[in-house]
Amino acid sequence: MNGKRILLIVSGGIAAYKALELVRLLNREGASVRAVMTDSAKSFVTPLSLGVLTGDRVFGDMLDATEEQEIGHIQLSRDADLVLVCPATANIMAKAANGIADDLATTLLLATDKRVLFVPAMNVRMWHHSATQRNLATLRADGALVMEPDEGAMACGEWGAGRLPEPPEILARVRQVLAQEAGALPLPGEGRPLAGRRAIVTAGPTHEPIDPVRYIANRSSGRQGFAIAGALAAAGADVTLVAGPVSLSAPPGVRRVDVQTAREMQAAVEAALPADIAVMVAAVADWRAASDAKQKIKKDGTAPASLPLAENPDILAHISTHDRRPALVIGFAAETENVVEHAAAKLARKGCDWIVANDVSGDVMGGSVNRVHIVTSDGVEEWPDLPKEEVARRLAARISETLT
Ligand code: C5P
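Remember, predicted model here, so these are calculated numbers, not experimental data.

Asker: Whenever I open this one, the overall build of the protein chain confuses me. Can you help?
Answerer: Broken down by element type, the protein chain carries 14 helices and 21 strands. For 404 residues, the compact-globule formula gives about 22 Å, and the C-alpha radius of gyration of the protein chain, at 23 Å, lands near that figure. Each principal axis of the C-alpha atoms in the protein chain carries an extent, and together these give about 75 × 60 × 35 Å. Here the protein chain holds 404 residues, and the buried ones make up 45% of them. In the protein chain, 70% of the contacts between residues at least 6 apart in sequence involve partners at least 24 apart.

Dropping the structure here:
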């Protein structure tokens, strides 16, 4: 990142303090940061602290005559290699999506000719609101990049998606975007090596009903699978994403089929055949309740009820031996120990071509970073800790190489 110039726009929100840490990390990598703050951001961090860290003055008022004389807002928006909005509130994204320019930050977003990366942080309900999701889709369609927020406990006491990703993850994404901008990697949509190929991706958990109010589930967030579907689509593939119950919006250009149970997932995968590529990322429940009670099961006041289970179909194994088997079938293995050994055994047992093995003993499930091994009949490849989007992009690149 040496010598790269980042224009950092800080909008208001409790996560604004993390922008300070981000500036420190960017500086450490040799990037220079020029900061702009919205008025509301100044209630959370001071221009002084941001200015000390950036080693520059902090811009904020568009009508400041001196600022305009010395460096006009058009200039400010063009002098950077990347415009980074962090944290990005629902408000600033709504304005940017609609071309509203009523302060310096939003004017810069309208005037810039550089790539813009939004790093959202907001309350979970604001994040899921259809207005916000509509604005995100507009921003992405206009060429902006938007990071997925983390899931977890929020400052307001609620729980869900909307937390600002940790600064090292944001740094990794910035590094990746700068590399793309420098032409080292194809941008989403550019260079479409998988054009004309069909892909099926499964993602998320499945929910297996026990009775009308209870179900068996697991902690899968669906993020890795959604990112893979997005990366395959960006590489030109025609993607069907079969998604279990998750709170994520589908990446652009992906056909999404929502399912609840393993059996529904299998039917949706079958319906999406034929395909060239199958990437089975879903954390399919291994078992379902043997009988799906039509009425709520009651406590009888004595011993706890035991729950008879039936095994679910193994979609990956089924697709690997299917008479319309895709040319490349990839499974995932989430393990908590002996990751590679278990993955190699799974490769043979399931009959797929590759296993992407990950260690889920930490907070991989629901988190935004993943460390994977690619296990094939040729051996094992170890990838470093990477944001899930980067794992997806590399996997899509490796799939393209294999198929072309
Ligand atoms: O056997 P295990 O669940 O560890 O295998 C994981 C891999 O198999 C993942 O790719 C997952 O999507 C797939 N799988 C499946 N159907 C199941 C269980 C797992 O497709 N019933």
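After that view of the structure, there is still more to cover.
Asker: Sorry if this is basic, but what is going on with the domain arrangement of the protein chain here?
Answerer: By a widespread convention, an interface's size corresponds to the accessible area lost as its parts come together. In terms of domains, the protein chain is made up of domain 1 (5-181) and domain 2 (198-403). The distance between the C-alpha centroids of domain 1 and domain 2 comes to 33 Å. Residue-level contacts link 14 residues of domain 1 with 11 residues of domain 2. Elements supplying a minimum of two residues to the side of domain 1 that touches domain 2: helix H8 (130-141), strand E6 (150-153), strand E7 (159-163) and helix H9 (167-181). Here the side of domain 1 that touches domain 2 gets four residues from one element, more than from any other, and that element is H9. Tallied by class, the residues present in the side of domain 1 that touches domain 2 amount to four nonpolar, four polar and six charged.

Asker: Can you help me understand the site of the ligand in this one?
Answerer: Lining the immediate surroundings of the ligand are 16 residues, of which Met280, Val284, Ile315, Leu316 and Gly331 lie closest. Those elements that place two or more of their residues in the shell around the ligand are helix H12 (315-320) and strand E16 (328-335). Looking at the shell around the ligand element by element, the count peaks at three residues for E16. Looking at the shell around the ligand residue by residue, the class counts come to 10 nonpolar, three polar and three charged.

Asker: Please clarify how the packing of helix H5 (residues 90-97) against helix H6 (residues 104-111) should be interpreted in this entry.
Answerer: Two measures define how a pair of helices packs: the angle their axes make with one another and the distance between the axes. Two elements in contact, H5 and H6, have axes whose closest approach is 10 Å; the angle formed by their N-to-C orientations is 40°. In terms of axis orientation, H5 runs oblique to H6. Handedness of the H5/H6 crossing: right-handed. The residues of H6 that touch H5, namely those facing Ile92, Lys95 and Ala96, are Ala105, Thr106 and Leu109. Counted by class, the contact of H5 with H6 contains four nonpolar, one polar and one charged residues.

Asker: Explanation requested: the pairing of strand E2 (residues 32-37) in the structure shown.
Answerer: Within a regular beta strand, the side chains point alternately toward one face of the sheet and then the other, so they alternate between its two faces. With six bridges joining them, strand E1 (residues 5-10) and E2 adopt parallel strand pairing. Considered in E2, the bridge of Arg5 is made with Ser32. The parallel pair E1 and E2 is bridged by helix H1 (residues 17-28), and the resulting crossover is right-handed.

Asker: Help me understand the nonpolar core in this model?
Answerer: One recurring pattern in soluble globular proteins: nonpolar side chains tend to sit buried together. Val201, Ile228, Ala229 and Leu232 are the most contacted members of the largest nonpolar core, which totals 61 residues. Here this core gets eight residues from one element, more than from any other, and that element is helix H10 (residues 223-234). The residues touching Val201, leaving out its near neighbours within four places in the chain, are Gly225, Ile228, Ala229, Leu232, Val239, Leu241, Val279 and Val281. Counting 58 residues, the second-largest nonpolar core is a separate cluster that includes Cys86, Leu108, Leu117 and Val174.

Asker: Help me out: how do you make sense of the environment of Asp56 in this one?
Answerer: Its location among the elements puts Asp56 in the loop between helix H2 (47-54) and helix H3 (65-70). Asp56 sits in the partly exposed class, given 13 other C-beta atoms within 10 Å. Distance from Asp56 to Arg34, taken between C-alpha atoms, is 6.6 Å for residues 22 residues apart in sequence. Asp56 has contacts with Arg34 and Gly51, leaving out every residue within four places of it along the chain.

Asker: Looking at this structure, how should I read the sheet that holds E16?
Answerer: Hydrogen bonds between backbone atoms are what pair the strands of a sheet, whose relative direction is either parallel or antiparallel. Spatial ordering of the open sheet is given by E12-E11-E8-E13-E16-E17-E19-E20, a layout of eight strands whose pairing is mixed. Every other strand in the sheet has two partners, leaving strand E12 (254-258) and strand E20 (379-382) as the edge strands with one partner each. With strand direction ignored, the average angle separating the axes of adjacent strands in the sheet is 20°. The sheet contact formed by strand E11 (residues 238-243) and E12 spans five bridges and is parallel.

Rules behind the numbers
- Residues numbered from 1 in each chain as written.
- Predicted model: local features only at pLDDT ≥ 70, side-chain atom pairs only at ≥ 80, totals over all residues.
- Helix = DSSP H or I, 4+ residues; strand = E, 2+ residues; numbered from the N terminus.
- Rg over C-alpha atoms; globule rule 2.2 N^0.38 Å.
- Buried ≥ 20, exposed ≤ 12 C-beta atoms within 10 Å, placed from the backbone.
- Contact = placed C-beta atoms within 7 Å.
- Domains from an automatic or database assignment.
- Nonpolar A, V, L, I, M, F, W, Y, C, P; charged D, E, K, R; others polar.
- Near = placed C-beta within 6 Å.
- Axes fitted to C-alpha atoms, helices over the stretch in contact; angles between N-to-C directions.
- Parallel < 35°, antiparallel > 145°, perpendicular 65-115°, else oblique.
- Left-handed = near helix turned anticlockwise from the far one by under 90°.
- Pairing = 2+ DSSP bridges.
- Right-handed = clockwise from strand over helix to strand, strands pointing away.
- Core = buried A, V, L, I, M, F, W, Y, C linked by C-beta atoms within 7 Å.

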